[in-house]
Amino acid sequence: MSAEEIIRLDMGKMDGDTAADAAATLCLGIESSCDETSAAIVDSNRNILSHIIYSQIPEHQKYGGVVPELAARAHILAIDEVVRQTLERAGKTMGDIDVVAATAGPGLIGGVLVGWMAATGIAQATGKPLVAVNHLEGHALVPRLCATSASGAAGGSHVEFPYLLMLASGGHCQILLVRGVGKYELIGQTLDDSAGEAFDKVAKMLGLGYPGGPVVDTRARDGNPTAFKFPRPLCDKPGCDFSFSGIKTAARTFLDRNPAPHTDEFINDFCASFQASVVDCIINRLTNAMCDTRGAAAAPRTLVVAGGVAKNSAIRAAMEELASRHGMIFAAPPMNLCTDNGAMIAWAGIENHRCGNIVREPVAPRPRWPLTEL
Ligand SMILES: Nc1ncnc2c1ncn2[C@@H]1O[C@H](COP(=O)(O)OP(=O)(O)OP(=O)(O)O)[C@@H](O)[C@H]1O
Ligand SMILES: [Mg+2]
């Protein structure tokens, strides 16, 4: 992977350079758990000094999803150059870095191994402390690095503990009470597919390509959310768990009865109606979670959404409205920190390092690593 290629693919994805405070701790974070090879340098004063996201999406698009073996190989080709450019853009050398952090799981194990071994090598060669970051903790803590409102307009703030978190990504869908670093209480989770998977699968059925979430979100803006009736699984039941497979099956059945070619109006209405059912499920389950956690010793005052699906405009808007109805503050990461990125791993590195959570003996990367096991 040449420097030119990385720069070309990274255009427009980098955060602005910010001068670091000389007294701040600097963390180099590496992410490689799925189809983004990413690195960032973040300081303990919440500045992102440099951030590179090399997305492999074009390499996987023709297969309609991520091919793990191809992803692992692409990470190997990209990792050195991504780290080199991250240092260069921050105007730093490895000697300036105080902490090295990398995703050690959960994720596609071939990719996790690449980033984790790179970070381990850097830490051993330089003698810097190393943090094994749980990828989900990266998503969960990034609103403490930087948070915005639903529209993404009011940037510059960050979230304080405790908060109620809707973690919705490609592989996970959970409601968590986040009490502190490493302190996660599982309130509810999906019994089958994640929300991101549901978006991706429905988009695939419609021939809209991969990843499906962004295109369904865009098409839904021009569609009628009440045009088609999708189920709202579990919404008539108490509890905070989710189920998305029923919505997906309903979509499949409906499309079998109404085969392609479809008009733009049909696709827009279909996307809007499907998305409305996902939004309703999320709001229904979060309402129960808010009631369940209201009486808790340290009740959360902030409702947060994180993970790739947090980019969804309808979910952000509905959650903001829900929060305000319940007298809570709503916060979400800026759009470029929702899907996988190195800055969230660097920030989780800073937070864990501050708590003394550094690697003291060899760590084996893990394909599965629930947050509740931290
Ligand atoms: N605007 C959007 N609306 C809905 N879904 C979206 C949107 N943008 C991205 N997504 C979805 O986000 C998912 C990717 O998120 P993310 O990168 O956090 O997942 P992942 O890292 O693969 O999974 P995990 O974090 O669980 O390991 C994809 O399923 C994608 O379709
Ligand atoms: Mg992720």
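A word on the overall build of the chain
Then comes step 1: For the chain, the helix and strand inventory stands at 11 helices and 10 strands.
Then comes step 2: In terms of C-alpha radius of gyration, the chain reaches 20 Å, essentially the compact-globule figure of 21 Å for 374 residues.
Then comes step 3: With the C-alpha coordinates aligned to their principal axes, the bounding extent of the chain is approximately 60 × 50 × 35 Å.
Then comes step 4: Pairs at least 24 residues apart make up 75% of the contacts formed inside the chain by residues separated by at least 6 positions.

A closer look at the site of ligand 1
Then comes step 1: Taken together, 24 residues sit near ligand 1, with Gly170, Gly171, Gly196, Gly213 and Gly308 positioned nearest.
Then comes step 2: Elements with a minimum of two residues in the shell around ligand 1: helix H5 (135-141), helix H6 (195-205) and helix H7 (212-220).
Then comes step 3: Counting residues per element, the shell around ligand 1 draws most heavily on H7, at 4 residues.
Then comes step 4: Looking at the shell around ligand 1, its residues break down into 5 nonpolar, 15 polar and 4 charged.
Then comes step 5: Both of domain 1 (3-146 + 338-373) and domain 2 (163-332) provide at least three residues apiece to the shell around ligand 1.

Some remarks on the confidence of the model for the chain
Then comes step 1: Predicted confidence across the chain gives a mean pLDDT of 93, with 93% of residues reaching 70 or more.
Then comes step 2: Considering only residues more than four positions removed or in separate chains, one finds that residues 7-18, a stretch of pLDDT under 50, has 18 contacts.

So, the domain arrangement of the chain
Then comes step 1: Along its sequence, the chain is organised into domain 1 (3-146 + 338-373) and domain 2 (163-332).
Then comes step 2: When each unit is reduced to the centre of its C-alpha atoms, the spacing between domain 1 and domain 2 is 27 Å.
Then comes step 3: Each side of the interface is counted separately: domain 1 has 19 residues, and domain 2 has 23 residues.
Then comes step 4: Considering only residue class, the side of domain 1 that touches domain 2 consists of 9 nonpolar, 9 polar and 1 charged.

A look at the pairing of strand S1 (residues 26-31)
The two faces of a sheet get side chains in turn, since along a regular strand they alternate between them.
Then comes step 1: Of all 6 residues that make up S1, 6 are buried, and the element is covered over most of its length.
Then comes step 2: Pairing between S1 and strand S2 (residues 36-43): 6 bridges, direction antiparallel. By the bridge assignment, Leu26 is partnered in S2 with Asp43.
Then comes step 3: Adjacent in sequence and paired antiparallel, S1 and S2 are bridged by 4 residues.
Then comes step 4: Pairing geometry for S1 and strand S4 (residues 99-105), over 4 bridges, is parallel. Each residue of the ladder has a partner; that of Ile30, found in S4, is Ala102.

Concerning the packing of helix H3 (residues 68-90) against helix H4 (residues 109-126)
Then comes step 1: Across the interface, H3 lies against H4 with an axial gap of 8 Å and an inter-helix angle of 20°. With respect to their mutual orientation, H3 and H4 come out roughly parallel. Between H3 and H4 the crossing geometry is right-handed. From H3, Pro68, Glu69, Ala71, Ala72, His75, Ile76, Ile79 and Val83 reach across to H4, where they touch Gly110, Gly111, Val114, Gly115 and Ala118.

Comments concerning the sheet that holds strand S10 (residues 329-331)
Then comes step 1: Read across the sheet, 5 strands follow the order S8-S7-S6-S9-S10 without closing on themselves; strand pairing throughout is mixed. The open sheet is flanked by strand S8 (183-189) and S10, the only strands paired with a single partner. Between one strand and the next, the sheet's axes are offset by a mean angle of 25°, whatever the strand orientation.
Then comes step 2: With 5 bridges joining them, strand S6 (residues 163-168) and strand S9 (residues 302-306) adopt parallel strand pairing. Each bridged residue has a counterpart across the sheet, and for Leu165 the counterpart in S9 is Val304.
Then comes step 3: Sheet strands touched by helix H10 (residues 313-325): S6, S9 and S10. Its angle to S9, the strand with the most contacts, is close to 170°.

As for unusual backbone geometry
Then comes step 1: The peptide bond linking Gly105 to Pro106 adopts the cis configuration, its omega dihedral lying at -10°.
Then comes step 2: Located in the positive-phi region is Arg46, a residue other than glycine, with phi close to 70°.
Then comes step 3: By the secondary structure assignment, Arg46 is in the loop between S2 and strand S3 (48-55).
Then comes step 4: The partly exposed category is assigned to Arg46, around which 15 C-beta atoms lie within 10 Å.
Then comes step 5: At Leu234, a residue that is not glycine, the phi angle is positive and equals roughly 70°.
Then comes step 6: Within the secondary structure, Leu234 is located in the loop between H7 and helix H8 (245-257).

Some thoughts on the sheet that holds S2
Then comes step 1: Strand order in the open sheet formed by 5 strands is S3-S2-S1-S4-S5, with mixed pairing between adjacent strands. A single partner strand is all that each edge strand has here, and the edge strands are S3 and strand S5 (130-134). Neighbour to neighbour, the strand axes of the sheet diverge by 20° on average, direction disregarded.
Then comes step 2: Across the sheet, H3 lies against S1, S2 and S3, angled at about 25° from S2, the strand it touches most.
Then comes step 3: Here H4 sits on the sheet and contacts S1, S4 and S5; the angle it forms with S4, its principal contact strand, is near 155°.

Definitions and limits used
- Residues numbered from 1 in each chain as written.
- Chains lettered and ligands numbered in written order.
- Predicted model: local features only at pLDDT ≥ 70, side-chain atom pairs only at ≥ 80, totals over all residues.
- Helix = DSSP H or I, 4+ residues; strand = E, 2+ residues; numbered from the N terminus.
- Rg over C-alpha atoms; globule rule 2.2 N^0.38 Å.
- Contact = placed C-beta atoms within 7 Å.
- Near = placed C-beta within 6 Å.
- Nonpolar A, V, L, I, M, F, W, Y, C, P; charged D, E, K, R; others polar.
- Domains from an automatic or database assignment.
- pLDDT = per-residue confidence, 0-100.
- Buried ≥ 20, exposed ≤ 12 C-beta atoms within 10 Å, placed from the backbone.
- Pairing = 2+ DSSP bridges.
- Axes fitted to C-alpha atoms, helices over the stretch in contact; angles between N-to-C directions.
- Parallel < 35°, antiparallel > 145°, perpendicular 65-115°, else oblique.
- Left-handed = near helix turned anticlockwise from the far one by under 90°.

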